[in-house]
Amino acid sequence: MADARTEILNRIRAAKVAPAGPTPRDYRRTGEGGVELFAERVADYRAIVHAVSDVPAKLRELLVGKRIVAPAGLPADWLVDGVEWLTEPLSTEDLDQADGVLTNCAAAIADTGTIVLDAGAGQGRRALTLLPDYHVCVVRTDQVAASVPEALERLDPLRPLTFISGPSATSDIELNRVEGVHGPRTLEVLIT
Amino acid sequence: MARNPVTWLGSPTFPNAARTALADTQLRQNLRKATGTIRARRASAVAEMPDWEALRLSGEAIKNDVLSRLEVLLPQLEEAVTARGGTVHWARDAEEANAIVLRLCRENDATEVVKVKSMATAEIGLNEALEEGGVHAIETDLAELIVQLGDDRPSHILVPAIHRNRSEIREIFQRRMGISVSDEPADLAEAARLYLRQKFLTTKVAVSGANFAVADTGSIVVLESEGNGRMCLTLPDTLITVMGIEKLVPTWQDLEVFLQLLPRSSTAERMNPYTSVWTGVTPGDGPQQFHLILLDNGRTASLKDTVGRQALRCIRCSACLNVCPVYERTGGQSYGSVYPGPIGAILTPQLVGDMHDKQAASLPYASSLCGACFEVCPVRIDIPSVLTHLRAEAVTAKGRSPESVAMAAAAWMFRDAKRYERAQKLGALARLLARNGKITSLPWPGSKWTSSRDVPAPPAESFREWWRKNRG
């Protein structure tokens, strides 16, 4: 008997599906929305949004007295005094017990109110933004893409990516959205 | 060959199951409320998109392209995943896929696995197969957890516990978690968070499905809401992903279509809270062992059917369930399959692949053919056409029924004018059986007809006779 791979590929060949025509792409690939729309739509999903000019000042206001995970590669002036910064190596338990995590992002999407992390500098491995119950994410205005297609163009699919649209939520009880399940229950987005 | 576990063993045919379900007023009330909510929300999420129809056309075309090039795209995906440190397995059927997962669990000394909600693993009955092999699967999606703790069966593709309202969920949680909790959705979500937290932090093997796999990069995509998916995809040492062979998209760019179509069709959100994308293994981040199982389980048989194969475009959004008047009244469990509703009515019989199976053959009739499912389908599956196509197959498989014998006799009679008139005269005698102009019970073989509908009494004189007398 042939192995599974050979047999499945043989079955596919035997089905003789005729080639499909060219794929129409008449949808909008670009959007008009900018930072304002992004802020509005992030807030729609009950994330807290601030437009800030002085990031360190805002971080001081939000984080002083807390134990916050700081992935490698954050700008030095974001690591403000009065915060207990937790740096790698961190165990699962360390992350679970932290008060929160501070990151930047790889891109953001105005149409959908989404931020995207790619585990790059200032973001760290995926667990860092998952276990702490509070996530502060700093988004630069030039990182905001108007549409989903524009954002995907900016991203490298070979990196581990996490698209985040608001805090953790569920629609599983009577199909209504409720915020706060396993992921961070509070998401605070700083646009600068 | 073993039976396909996509349908539940011993399920009654759809009409019989529906009769029982319709008598359950609580069920109908829960479903009416939930589907009503999501229908309205979906409509407004879609209305925001001026290019929705263009996106649907692209989604349809991309999936058709995939189905026509699986022979090339699957090996391409395999190569990309392997190049990035993943291992690819192929499984012809449920049994083979389950055996691979069980073997991988044993190789990793795992007696427990955490699971992300996945239709593919529900279809193959993975949890039951693992349990038999001594491995306990923990469902981590809230609705799946409700079903699992309630020793229940799923009734919806997206929200398997849609048939349960908040007070029923509260009762299940109190009984199985040994806690006291209110019926506020936020409190119920908190209870699930606490219940699963330690499992996420300590379990070494996770099992997931996949919403999409990008052939040219080897990237796997999972959309979710709660963060349970991220937990499973990130924290364990080993990740096993089971995906149907039709889940591919050719390129990274193609995802831009589906990341717009799926959330709005499914949870009626502009974007679901979390989408994870990973490619093979990333050193220092997430599971260091990644296994991808490519599952056939009846898909290649459906691929042969020029009409039926469009069901393989399905991205499991469940919009068709939420708008279906039949689903709303009978609920999902009446379909006797992990795939209920309109898509289930066309997908399940094809995966079972045997129209002599009475239960599977009854599913294409679980529809009024109103067409609402086609209108909302993000990949434009013409469900009504596939339903009628499968009904024809069901009839052929049934062979010569009393009805088809009667039709053949009628054809013989209609072919000849003399025969026809003689038959009419004979038929007029049936008036003797009529009451109030209706015949409710004919002798056999006519009883096959009147067991489910009445026949109007024939007139005393046929039109031909009348014409001959008056005008002839």
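In this text, all values refer to a predicted model and were calculated from it rather than measured experimentally.

What counts and what doesn't
Residues numbered from 1 in each chain as written. Chains lettered and ligands numbered in written order. Predicted model: local features only at pLDDT ≥ 70, side-chain atom pairs only at ≥ 80, totals over all residues. Heavy atoms only, no water. Helix = DSSP H or I, 4+ residues; strand = E, 2+ residues; numbered from the N terminus. Buried < 20%, exposed > 50% of the residue type's maximum accessible area, 1.4 Å probe, protein only. Areas by Shrake-Rupley, 256 points an atom, 1.4 Å probe, with all protein chains shown as cover. UniProt positions renumbered as here; feature names shortened; annotations may be inferred. Disulfide = S-S within 2.5 Å. Pairing = 2+ DSSP bridges. Axes fitted to C-alpha atoms, helices over the stretch in contact; angles between N-to-C directions. Expected span 1.5 Å × (residues − 1). Contact = heavy atoms within 4.5 Å. Buried area = accessible area lost by both parts, 1.4 Å probe. Salt bridge = Lys/Arg side-chain N within 4 Å of Asp/Glu carboxyl O. Polar contact = N/O pair within 3.5 Å; in protein donor to acceptor, adjacent residues only side chain to side chain. Phe/Tyr/Trp six-rings, centres within 6.5 Å; stacked < 30°, edge-to-face > 60°. Lys NZ or Arg CZ within 6 Å of the ring centre and 35° of its normal. Domains from an automatic or database assignment. Core = buried A, V, L, I, M, F, W, Y, C linked by side-chain atoms within 4.5 Å.

Engineer: What am I meant to see in the overall build of chain B here?
Structural biologist: Helix and strand content of chain B: 23 helices and 12 strands. For the C-alpha atoms alone, the extent of chain B along its principal axes is close to 95 × 55 × 50 Å. Counting over 472 residues, chain B shows a buried share of 59%. For chain B, the computed accessible surface area is about 19,100 Å², with 54% contributed by carbon and sulfur atoms.

Engineer: Would you take a moment to explain the UniProt feature "domain: LUD" (unreviewed entry) in chain B for this structure?
Structural biologist: Within this numbering scheme, the UniProt entry marks residues 75-281 of chain B as carrying the feature "domain: LUD" (unreviewed entry). For residues 75-281 of chain B, the helix share is 44%, the strand share is 20%, and the end-to-end C-alpha distance is 18 Å.

Engineer: I would appreciate a short explanation of the state of the cysteines in the present structure.
Structural biologist: Here, the word disulfide means a covalent bond between the sulfur atoms of two cysteines. The final tally for this structure, using the stated rule, is 0 disulfides over all chains. Free of any disulfide, C320(B) has its nearest neighbouring cysteine sulfur in C317(B), separated by 6.3 Å.

Engineer: Help me understand the sheet that holds strand β7 (residues 238-244) of chain B in this model?
Structural biologist: Note: strands within a sheet are paired through backbone hydrogen bonds, in either parallel or antiparallel orientation. Residues and elements named next belong to chain B. Across the sheet, 6 strands lie side by side as β1-β10-β7-β4-β2-β3; this open sheet has parallel pairing. Every other strand in the sheet has two partners, leaving β1 (87-91) and β3 (136-139) as the edge strands with one partner each. Neighbour-to-neighbour, the strand axes of this sheet turn through a mean angle of 25°, independent of strand direction. As judged from the 5 bridges shared by β1 and strand β10 (residues 289-295), these two strands associate in the parallel manner. Each residue of the ladder has a partner; that of T87, found in β10, is H291.

Engineer: For this particular structure, what's the right way to read helix α4 (residues 70-83) of chain B?
Structural biologist: Each α-helix turn comprises 3.6 residues. Residues three or four places apart therefore point the same way. All names here are of chain B. Its 14 residues give α4 an end-to-end C-alpha distance of 19 Å, which sits within 8% of 20 Å, the value for a rise of 1.5 Å per residue. By the burial criterion, the buried members of α4 are L70, L73, L74, L77, E78, A80 and V81. G85 sits one or two residues past α4 and shows a positive phi near 95°.

Engineer: Explain the interface of chain B and chain A here, please?
Structural biologist: By a widespread convention, an interface's size corresponds to the accessible area lost as its parts come together. Contact with chain B, which involves 94 residues of that partner, is made by 72 residues of chain A. Roughly 7,300 Å² of surface becomes buried between chain B and chain A when both sides are summed, with 58% attributable to carbon and sulfur atoms. Counting the surface chain B buries against chain A, the share from its top three residues, R92(B), R193(B) and R270(B), is 11%. Seen at the junction of chain B and chain A, the total is 15 salt bridges. Measuring nitrogen to oxygen at the nearest pair gives 2.7 Å for the salt bridge that ties D96(A) to R197(B). Taken together, the links from chain B to chain A amount to 40 residue pairs in polar contact (both at pLDDT 80 or more). Broken down by element, the side of chain B that touches chain A gets its largest block of residues, 11 residues, from helix α10 (residues 185-202) of chain B. Summarising the sheet, strand β9 (residues 161-164) of chain A and strand β9 (residues 274-279) of chain B pair through 4 bridges and their orientation is antiparallel.

Engineer: I'm lost on the sheet that holds strand β4 (residues 100-103) of chain A in this one. Help?
Structural biologist: All names here are of chain A. A sheet is described by the order of its strands in space; here 6 strands give the open sequence β1-β12-β7-β4-β2-β3, paired in parallel fashion. Two strands lie at the open edges of the sheet, namely β1 (48-51) and β3 (84-86), each paired on one side alone. Adjacent strand axes in the sheet meet at a mean angle of 25° when their direction is disregarded. Two strands pair when backbone bridges link them, and β1 and strand β12 (residues 186-191) are joined in this way by 4 bridges, in the parallel orientation. Residue I48 lies in a different strand from β12, and its bridge partner there is E188. Contacts from helix α2 (residues 35-44) reach β1, β7 (134-139) and β12, with the element oriented near 170° to β12. Sitting on the sheet, helix α3 (residues 55-63) touches β1, β2 (67-69), β3, β4, β7 and β12, and the angle it makes with β7 is about 170°.

Engineer: I'm lost on the packing of aromatic side chains in this one. Help?
Structural biologist: We describe a pair of aromatic rings using the distance from one ring centre to the other and the angle between the two ring planes. All names here are of chain B. Counting across every chain of the model gives 7 aromatic pairs over all chains. Centre to centre, the rings of F14 and Y335 are 4.8 Å apart; their planes meet at 50°, and the pair counts as tilted. In this pair, F14 is assigned in helix α1 (residues 14-22) and Y335 in the loop between α15 (325-330) and α16 (341-352), connecting sequence segments 321 residues apart. For the pair F14 and Y335, one class covers both residues: buried. Between the NZ or CZ atom of K63 and the centre of the ring of F258, over which it lies, the distance is 5.8 Å. Against the face of Y274 rests R230, its NZ or CZ located 4.6 Å from the ring centre.

Engineer: Can you walk me through the domain arrangement of chain B in this structure?
Structural biologist: Taken domain by domain, chain B holds domain 1 (48-300) and domain 2 (402-470). Spacing between the C-alpha centres of domain 1 of chain B and domain 2 of chain B amounts to 58 Å.

Engineer: I would appreciate a short explanation of the environment of P132(A) in the present structure.
Structural biologist: All names here are of chain A. Residue position: P132 is located in the loop between β6 (114-117) and β7. Overall, the relative accessible area of 0% leaves P132 in the buried class. Remark: the alpha-carbon pair of P132 and T112, spanning 20 residues in sequence, is separated by 24 Å. Those residues within four positions of P132 in sequence are excluded, and the remaining contacts are V69, L95, A98, G100, V101, A127 and P184.

Engineer: It is not clear to me how the nonpolar core should be interpreted in this structure. Could you clarify?
Structural biologist: Nonpolar side chains in soluble globular proteins tend to be buried together. Core analysis: the biggest nonpolar cluster contains 151 residues, and F173(B), L248(B) and I343(B) have the highest contact counts within it. When residues no more than four places from it in sequence are discounted, the contact partners of I343(B) are I157(B), A311(B), C314(B), C320(B), L321(B), T348(B), I381(B) and I383(B).

Engineer: It is not clear to me how the pairing of β6(A) should be interpreted in this structure. Could you clarify?
Structural biologist: Residues and elements named next belong to chain A. Along β6, one buried face is formed by T114 and V116 and the opposite face, lined by I115 and L117, is buried too. As paired elements, strand β5 (residues 107-109) and β6 share 3 bridges and run antiparallel to each other. Paired with I109 across the strands is T114, a residue of β6. Summarising the sheet, β6 and β9 pair through 3 bridges and their orientation is antiparallel. Across the sheet, V116 pairs through a bridge with F163, a residue of β9.

Engineer: What is the right way to look at the pattern of salt bridges in this model?
Structural biologist: Where charged atoms from two side chains of opposite charge come close, those side chains can pair. Residues and elements named next belong to chain A. Scanning all chains against the criterion turns up 47 salt bridges over all chains. Taking the shortest distance from any N to any O, the salt bridge between E84 and R67 comes out at 3.6 Å. Remark: R67 occurs in strand β2 and E84 occurs in strand β3; sequence separation between them is 17 residues. The class for E84 is partly exposed, based on a relative accessible area of 43%. A relative accessible area of 31% places R67 in the partly exposed class.

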